[in-house]
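The residues making up each chain are set out below.
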Amino acid sequence: MTDASVRFYPLACNARNACAARTFRTVGKGLGGSVTDSLALYIHWPFCLAKCPYCDFNSHVRDRIPQARFAAALRTELAWEAARLGPREVGSIFFGGGTPSLMEPAAVAALIADAARLFTLAPDCEITLEANPTSVEAGRLAAFRDAGVNRVSLGVQSLNETDLRLLGRQHSADQAVAALEMARRLFPRLTFDLIYARPGQTLDAWRAELRAALDLAADHLSLYQLTIEPGTGFEALHRSGAIVLPDNETGAALYQATAEEAARHGMAAYEISNYARPGAESRHNLAYWRYTDYAGIGPGAHGRVTRPDTGSDTHPDKRGDTLAATRRHRAPEVWADRVEADGHGTTREDALTPIERGREMLLMGLRLAEGIDEARFAARTGLAMDACVDHDVLGRAIDAGYLLRESGVLRTLPEGALRLDALLGALVV
Amino acid sequence: MTDTPTALIRNFSIIAHIDHGKSTLADRLIQSTGAISARDMTAQVLDSMELEKERGITIKAQTVRLAYKAHDGLTYTLNLMDTPGHVDFAYEVSRSLAACEGSLLVVDASQGVEAQTLANVYQAIEANHEIVPILNKIDLPAAEPERVKQQIEDVIGIDASDAVMISAKTGINIEGVLEALVTRLPPPVGDADAPLTALVVDSWYDQYLGVVILIRVKDGRLKKGQKVRMMAQGSTHVIEQVGVFTPGMVQVDDLGPGEMGYITAAIKTVADVAVGDTITDDRRPATKALPGFKPSIPVVWCGLFPVDADDFEKLRDSLAKLRLNDASFHFEAESSAALGFGYRCGFLGLLHLEIIQERLTREFNLDLIATAPSVVYRVTRTNGVTAELHNPADMPDGSVIDHIDEPWIKATIMVPDDYLGPVLTLCNERRGRQVDLTYVGTRAMAVYRLPLNEVVFDFYDRLKSISRGYASFDYAMDNYEEGDLVRISILVNQDPVDALSFIAHRNAAEARGRSICGKLKDLIPKQLFKIAIQAAIGGRVIARETIGALSKDVTAKCYGGDISRKRKLLDKQKEGKKRMRQFGKVEIPQSAFLAALKMDA
């Protein structure tokens, strides 16, 4: 085994991770986590041409997509949420799905324009749209750029024809390359996804495929290990033994190889599965991981938004801004019905308790190489970090080289990143 | 029905190996004498406990009173005594047999005599029983009645020429069995005018009646309202009900000599009624109790701990409820650093242990961890004081021990000679000493003396597997003998796990220590931190294994801001931990723990 730290950090930043930490601070504005910080806006488009067998996202296949109805409903719900949130600066907009590249560009343009009207868009606002690299969708990229999108996330998944078919993708490797080249010409920022640790994939094959992908990459990549999710097509195949995933040891070796190859191209793992050149991190996704405010619009979308204290609460000890967890109805048509009737499709909105906030912030923040600033943690959750972790486990995790706690920051080291789920399970109270 | 002359009474039991058809024959006898209508006939009427039905074994003795009009024109009262069918209940069996004058020896006409049959038939002979051999399943193509008759004569030494040939399943020649009972069994002997003596055969708890005592009257009479005394226990009770089983309970006015039936006397727990005790009249007591009373003493102990610590009280209540009906099982509170609060429980044998554990799980819905079974050692200290030890955790430091005695058993194993070699090897590996080795046709009968300690470590499972299930095994407690015994401690990350420590012979200690360390290494899943597992005698480590940290466990994709889902996963993870046991700082899944305890060297 080579120095494990290359798995999680750029080689140049090995010693203290100083540059990584600096890099991150330039991305966001301030510490985040209150009404004064910028808001991340997520818009969910729930339709796909086909359901991929690994995917458990809230995506649906329809004979004909009701474009106009859903575009209108998304705009209605956005307006409703904006009215509740009050004036905020929006730092990022993310069109996710489903397959938002199936949206009419005019609808995307309208939603961006609405957001600009209802909120204030930050001057450098990151506006990302997820797209599939089929020829039809690639042909609309220019229209999406004209609609205001400035960053595209392409669902490439693989550059290997056999595996693309296994993964149920609708595009070929050639189409993926063509879409990437076109996107690079059109957009200042570009990222794409690959899925690895596929059934039967060897270390050498993956390295070769990843190198080819890195040659096509701009400044950001999401490299996910294939996982079997409940309720997916792969789950049944996996249970029956028809597909066999690499074991943990192989998975660990693949993860390490991935980080090495990415580092060679100057991309650091700033999150468990996300790699970027310094400064090119996904601003939108950082909002999730840093646990700052994000609003979720559309079927099944989740949000974490600060609701200002209205002052009407009669319990003085409960005064103060609340952090609300919001969730929209998952079923697209039910959601749309509700939006049309009530202006929004919210099924739940819960004020999170301090301990819930603390747990969530740890679960998300320790995925980031930069870790969690303890002062920010206290400000966001109302609790000291020590109140949210098991001290014994923390001590042992530090001794084992899984975690580092220094200068008021707790962060995950490469050996810890490999085992983060188990670590969080033991660490978080 | 209470004044039945003894000449018209026949009391009998049925001796059979499991599956040789004892319960089926009993059912047929009940059916053909009309004691129960065909409509109410459920298969195996007598085995009322769910567990008994499932395993085909009888735990409690039961009786049925049958009326049979014989060929001689007289109507006889036949009392069928259904005895517990396993060696663990040998004493209970002996008391059931003492209540009868004869036995039906049921042998499967294709399988022949088995070890268990042999032990029981010897007990019947010891009880002076007239024995009527019955060859069952004669309708099966594989039946070899002549060969099996010969085997009965050779092995047991009784005349099998008049064996009754039947098929209990199809009902062939049940009449022949009934006639044999009447003509070949002696009637009971007793004096109605003598002071009362009645044998306590068994007892059980009934939620409406309190304890129901199954009795056999020897002399005198038992009447409702009578004040009786338990001669061994010394307690007195007033009889509330006297009755017989037909097989339903039917009250009668009194029971005279030679009769079997039940009494109730507002007794709250079976612990107040000792099997084998003699009931006599309090005002006119007998001078001498019936022979053969022995208090029941557990021979195998193990710790039972609730998986969920919150279930401790439920476990206590459940054990108390079980003991209401089974005085032979003992329990005392125990606390373990590893397993928390639980009970140290004593049993008559391994089957008894298994039955109780299963009943706790099944009837009381408890999730339990059982520690390795331990026998009762006698530890003599250097100061000359001897104490019994049934928990390895309580073993004193080696420096103060002068010597340790351990219990030995006398085991009878019957096995087709093809498998004899491995069986003898197994016995020798387990420190066995051969007492006898004889052949009956192609079946060998090996009699061995073995330390019980070696038998509780899955001897029976091994025996079954090396003989492909053909070996039958039976044992009786023998005596105590000094042994070179040591306690092996298991340490997880340097912390001793009290519940995993065990006592073994010094020569086997290293192999067993290595085996359990290896097993734990395979059973304990890799965890967040690496784990050291050691076996040690005193301070000396004899085996060591390391479980490396798990190599990878991380969710690749954390998407869409749905943290609630991640939080739920975390909650689920924490819920899963409740099913783990903390050993030091290591979580061991309960399944691994159970499997580790089922180890074999």
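All values reported here derive from a predicted model rather than from experimental measurement.

## Quick word on the overall build of chain A
Broken down by element type, chain A carries 17 helices and 15 strands. Looking at chain A residue by residue over its 429 residues, the buried ones come to 59%. Long-range contacts, defined here as pairs at least 24 residues apart, represent 72% of the contacts in chain A between residues at least 6 apart.

## Re the confidence of the model for chain B
Residue and element names in this part refer to chain B. Confidence in the prediction for chain B averages 86 pLDDT; 90% of positions are at 70 or higher. Residue range residues 49–57 is modelled with pLDDT below 50. Its contacts to residues more than four positions away, or to other chains, number 28 contacts. The ipTM for the predicted assembly is 0.75, set against a pTM of 0.64.

## Some points on the interface of chain A and chain B
Each partner contributes to the interface: chain A provides 45 residues, whereas chain B provides 29 residues. Three residues, A:Arg359, A:Arg396 and A:Asp421, lead the burial of chain A against chain B; their summed loss comes to 17% of the area buried on that side. Linking chain A to chain B there are five salt bridges. The partner of A:Glu356 in a salt bridge is B:Arg567, and the shortest N-O contact between them spans 3.6 Å.

## Quick look at the sheet that holds strand β13 (residues 249–251) of chain B
Residue and element names in this part refer to chain B. Within the open sheet, the eight strands sit side by side as β11-β10-β16-β7-β8-β15-β12-β13. Their pairing is antiparallel. Each end of this open sheet is capped by a strand with a single partner; those strands are β11 (236–238) and β13. Each neighbouring strand pair of the sheet contributes to a mean axis angle of 40°, computed without reference to strand direction. In this sheet, β11 lies alongside strand β10 (residues 227–230) in antiparallel orientation, the contact comprising three bridges. Within β11, the residue paired with Lys227 across the bridge is Val238.

## Regarding the pairing of β10(B)
Residue and element names in this part refer to chain B. Because side chains alternate across β10, one face comprises the buried residues Val228 and Met230, and the other comprises Lys227 and Arg229, none of which is buried. As consecutive antiparallel partners, β10 and β11 are separated by five residues, and within that stretch Gly234 has a phi angle of approximately 85°, a positive value. As defined by bridge partners, β10 adjoins strand β16 (residues 278–281) across three bridges and the pair is classed as antiparallel. Bridge pairing links Arg229 to Thr280 in β16.

## Considerations on helix α4 (residues 115–126) of chain B
Residues and elements named next belong to chain B. Taking 1.5 Å per residue as the helical rise, α4 with its 12 residues ought to reach 16 Å, and the 17 Å between its terminal C-alpha atoms agrees with that figure. For α4, the complete set of buried residues consists of Ala115, Gln116, Thr117, Leu118, Asn120, Val121 and Ala124. Positive phi appears at Asn128, one or two residues downstream of α4, with a value of about 60°.

## Things to note about the state of the cysteines
Scanning the model with the defined rule gives zero disulfides over all chains in all. Left without a disulfide partner, A:Cys48 is nearest to the cysteine sulfur of A:Cys55, which lies 6.4 Å away.

## What to know about the sheet that holds strand β1 (residues 9–16) of chain B
All names here are of chain B. Taken in spatial order, the six strands make up an open sheet running β2-β3-β1-β4-β5-β6, and their pairing is mixed. Sheet topology places β2 (62–69) and β6 (164–165) at the edges, where each strand pairs with a single neighbour. Where β2 lies against strand β3 (residues 75–82), eight bridges are found, and the strand directions are antiparallel. Residue pairing across strands places Ala67 opposite Thr77, the latter belonging to β3.

## Re the side chain of B:His129
All names here are of chain B. In this structure, His129 sits in the loop between α4 and β5 (130–136). We classify His129 as buried; its relative accessible area is 9%. A polar atom in the side chain of His129 sits 2.7 Å from the backbone oxygen of Leu97. Within the structure, the side chain of His129 is placed 2.9 Å from the backbone oxygen of Cys100, a separation counted as a polar contact. For His129, the contacting residues outside a window of four places in its chain are Ser13, Leu97, Cys100, Glu101, Gly102, Ser103 and Ala124.

## Regarding empty space enclosed by the protein
Residues and elements named next belong to chain B. Going through the model one piece at a time under the given rule, you end up with five cavities of 30 Å³ or more. The space that makes up the largest cavity amounts to roughly 70 Å³. Lining the largest cavity, in full, are Ala372, Pro373, Ser374, Val375, Tyr377, Pro392, Asn453, Val456, Phe457, Ser501, Phe502 and Ile503. Those elements that provide at least two residues to the lining of the largest cavity are β21 (374–375), α10 (452–456) and β30 (502–505). Looking at the lining of the largest cavity residue by residue, the classes come out as nine nonpolar, three polar and no charged.

## Brief notes about the pattern of salt bridges
One pass over the structure, following the stated rule, counts 58 salt bridges over all chains. With its nearest N and O atoms 3.0 Å apart, the salt bridge here joins B:Glu259 to B:Arg65. Here B:Glu259, found in the loop between β14 (254–255) and β15 (260–264), pairs with B:Arg65, found in strand β2; they are 194 residues apart in sequence, far enough to count as distant. Here B:Glu259 matches B:Arg65 in class, with each residue buried. Two residues, B:Asp317 and B:Arg316, come together in a salt bridge whose shortest N-O distance is 3.6 Å. Through salt bridges with shared partners, a single network forms among A:Glu77, A:Glu81, A:Arg84, A:Arg307, A:Arg328 and A:Glu349.

Thresholds applied
- Residues numbered from 1 in each chain as written.
- Chains lettered and ligands numbered in written order.
- Predicted model: local features only at pLDDT ≥ 70, side-chain atom pairs only at ≥ 80, totals over all residues.
- Heavy atoms only, no water.
- Helix = DSSP H or I, 4+ residues; strand = E, 2+ residues; numbered from the N terminus.
- Buried < 20%, exposed > 50% of the residue type's maximum accessible area, 1.4 Å probe, protein only.
- Contact = heavy atoms within 4.5 Å.
- pLDDT = per-residue confidence, 0-100.
- Buried area = accessible area lost by both parts, 1.4 Å probe.
- Salt bridge = Lys/Arg side-chain N within 4 Å of Asp/Glu carboxyl O.
- Pairing = 2+ DSSP bridges.
- Axes fitted to C-alpha atoms, helices over the stretch in contact; angles between N-to-C directions.
- Expected span 1.5 Å × (residues − 1).
- Disulfide = S-S within 2.5 Å.
- Polar contact = N/O pair within 3.5 Å; in protein donor to acceptor, adjacent residues only side chain to side chain.
- 1 Å grid on protein atoms, 1.4 Å probe; cavity = no way out; pocket = protein on both sides within 12 Å on 5 of 7 lines; lining within 4 Å.
- Points joined across faces, edges and corners; volume = space filled by probe spheres on them.
- Nonpolar A, V, L, I, M, F, W, Y, C, P; charged D, E, K, R; others polar.

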